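# Structure assessment
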Amino acid sequence: MTVEYRDVCYRIGDRMILDHLNLRVEEGETLVLLGRSGSGKTTALKMANSLISSTSGTVLVDGKPTTGWDPVRLRRSIGYVIQDVGLFPHYTVQRNVGLVPELEGWPADRIAARTEELLDKVGLDPGLYGPRYPRQLSGGQRQRVGVARALAADPSLLLFDEPFGALDPVTRVELQRQFLELRRTFGKTSLFVTHDVHEALKLGSRIALLSEGRLVQDLPPAEFLKSSHPEARAFLECLN
Amino acid sequence: MRPGLFDELLELTLDHIWLCSLAMLFAVLIAVPLGILISRRVSLQAPVLAFANVLQTIPSLALFGFLIPIPVIGGIGRRTAIVALILFALLPILRNTVVGIQSVDAAVRESALAMGLSPWQLLTMVELPLSVRSILTGIRIATVTTIGTATIAAAIGGGGLGVFIFRGVASVDTTLILAGAVPAALLALAADWGLGWIEQKLSPFSS
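Let us look at the structure shown here. (Residues numbered from 1 in each chain as written. Chains lettered and ligands numbered in written order. Predicted model: local features only at pLDDT ≥ 70, side-chain atom pairs only at ≥ 80, totals over all residues. Heavy atoms only, no water.)

## Describing the pairing of strand β6 (residues 78-82) of chain A
All names here are of chain A.
- Within β6, five of the five residues are buried, leaving the element largely enclosed by the surrounding structure.
- Residues of β6 alternate between two faces, with Ile-78, Tyr-80 and Ile-82 on one and Gly-79 and Val-81 on the opposite face, all of them buried.
- In this structure, β6 lies alongside strand β7 (residues 157-161), joined through five bridges in parallel fashion. Looking at β7, one finds that Gly-79 is bridged to Leu-158. (Buried < 20%, exposed > 50% of the residue type's maximum accessible area, 1.4 Å probe, protein only. Helix = DSSP H or I, 4+ residues; strand = E, 2+ residues; numbered from the N terminus. Pairing = 2+ DSSP bridges.)

Next comes the structure, spelled out in structure tokens:
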């Protein structure tokens, strides 16, 4: 699945959150949207699954404008992982992971098999953690479940909004490693929002740098390191 | 005990239960959907809650009185009494429905939408199960209050245990007053306990 932003603007009152964004996410790549708080990266991300509609311009998913998609169909074919995870507190871990397959009407045994497979893939013992409730898990475990839930119905696109931002540094590195491994296994197109330049360099196949709603750099990690753009330099200085 | 008192007590108690059940049934049918509606339309929230609040502050005897001259719902008798009891029961249910739905974690709501739940599924799979406890608390509070307030219904010919109380007050007969007041208090306690038990059972985290 590809995502394309064509001249996309988003305005709240007279504040420009996104200013004429033009960007294309190619099949199979991991595009990182990097930027400070308020740079518009989360807004751009949420346009891909139609949680936010642009003020002007078009967002195309798989070549079709998001306004032309049935929002429910669009969202079910896109996995979504956010910092606060948002697991259903009244569902067990396995039911949370099986949510989209359940909505899609998969037979119960197939949901069970898929849930088990995914919990295993994200490093959680299905027998041990499957029957638990989210409140019985640590932050890192919850985010692993969040990733499993996003992958459950085999979406063709994954959206990540600072998914590892609230975790301790050790768990964060573990989950980043897991992310790379899952990418090798599943090879899905991903859009990944972060303000952490380490994470961007490590996970992205391309880095799009946003500043005050504008796209100021769009480079692979190796070239991003050599960028002379002042905002890119400001981020790269965090590396030392 | 005076002859015939027991039979009448039984009859009035059943009558009281019937009066309150009917009023609560309608109050729930009105207040829960209305609460869901105003939890989605924030602009309606303040006026609707303010209106329910005002209803609540009217002294109960006065509200019964106000309703009498109104055509269709008014007049002397049971129907007017039930209408008044419904109006009194609205606020706690309404408020607790709104509070329950609004206290659903924003991240849960956002991820539910992002997983492709329809608005109806969001309501039935997420918002209602997570606010069921709060809503039931509202219903419990309203029920207990209604059982007490319903004793005043006798003043406008609504029947119920208030018949004993008013008759006892008029004839300065303490036994009669107690024959109305004690069963009403026991009913309120029983409702509080029973609905509290259901609340525990239906809580999403009880398992």
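## Notes on empty space enclosed by the protein
- Evaluation of the coordinates by the stated rule reveals three cavities of 30 Å³ or more.
- Of the pockets and cavities examined, the largest cavity occupies roughly 90 Å³.
- What lines the largest cavity is simply Val147(A), Leu151(A), Leu158(A), Phe160(A), Phe179(A), Leu182(A), Arg183(A), Phe186(A), Gly187(A), Lys188(A) and Ser190(A).
- Sorting the residues of the lining of the largest cavity by element identifies α7 (139-151), β7 and α8 (169-186) of chain A as the ones contributing at least two each.
- Element by element, the count of residues in the lining of the largest cavity is highest for α8(A), at four residues.
- Split into classes, the residues belonging to the lining of the largest cavity amount to seven nonpolar, two polar and two charged.
- Taken as a whole, the second largest cavity spans an internal volume of roughly 50 Å³.
- Arg75(A), Arg76(A), Ile78(A), Gly79(A), Val100(A), Arg149(A), Ala150(A), Ala153(A), Pro155(A), Ala114(B) and Met115(B) are the residues that line the second largest cavity.
- Along the lines of polarity and charge, the residues of the lining of the second largest cavity split into seven nonpolar, one polar and three charged. (1 Å grid on protein atoms, 1.4 Å probe; cavity = no way out; pocket = protein on both sides within 12 Å on 5 of 7 lines; lining within 4 Å. Points joined across faces, edges and corners; volume = space filled by probe spheres on them. Nonpolar A, V, L, I, M, F, W, Y, C, P; charged D, E, K, R; others polar.)

## Quick look at the sheet that holds β7(A)
All names here are of chain A.
- The strand order β6-β7-β8-β3-β9-β10 describes an open sheet built from six strands, whose pairing is mixed. The two strands at the open ends of the sheet, each matched to only one other strand, are β6 and β10 (214-219). Each strand axis lies, on average, 15° off the axis of its neighbour in the sheet, ignoring direction.
- As paired elements, β7 and strand β8 (residues 189-194) share five bridges and run parallel to each other. By the bridge assignment, Leu-159 is partnered in β8 with Leu-191.
- Sitting on the sheet, helix α1 (residues 41-48) is in contact with β3 (30-35), β6, β7, β8 and β9 (206-211), with an inclination near 155° to β8. (Axes fitted to C-alpha atoms, helices over the stretch in contact; angles between N-to-C directions. Contact = heavy atoms within 4.5 Å.)

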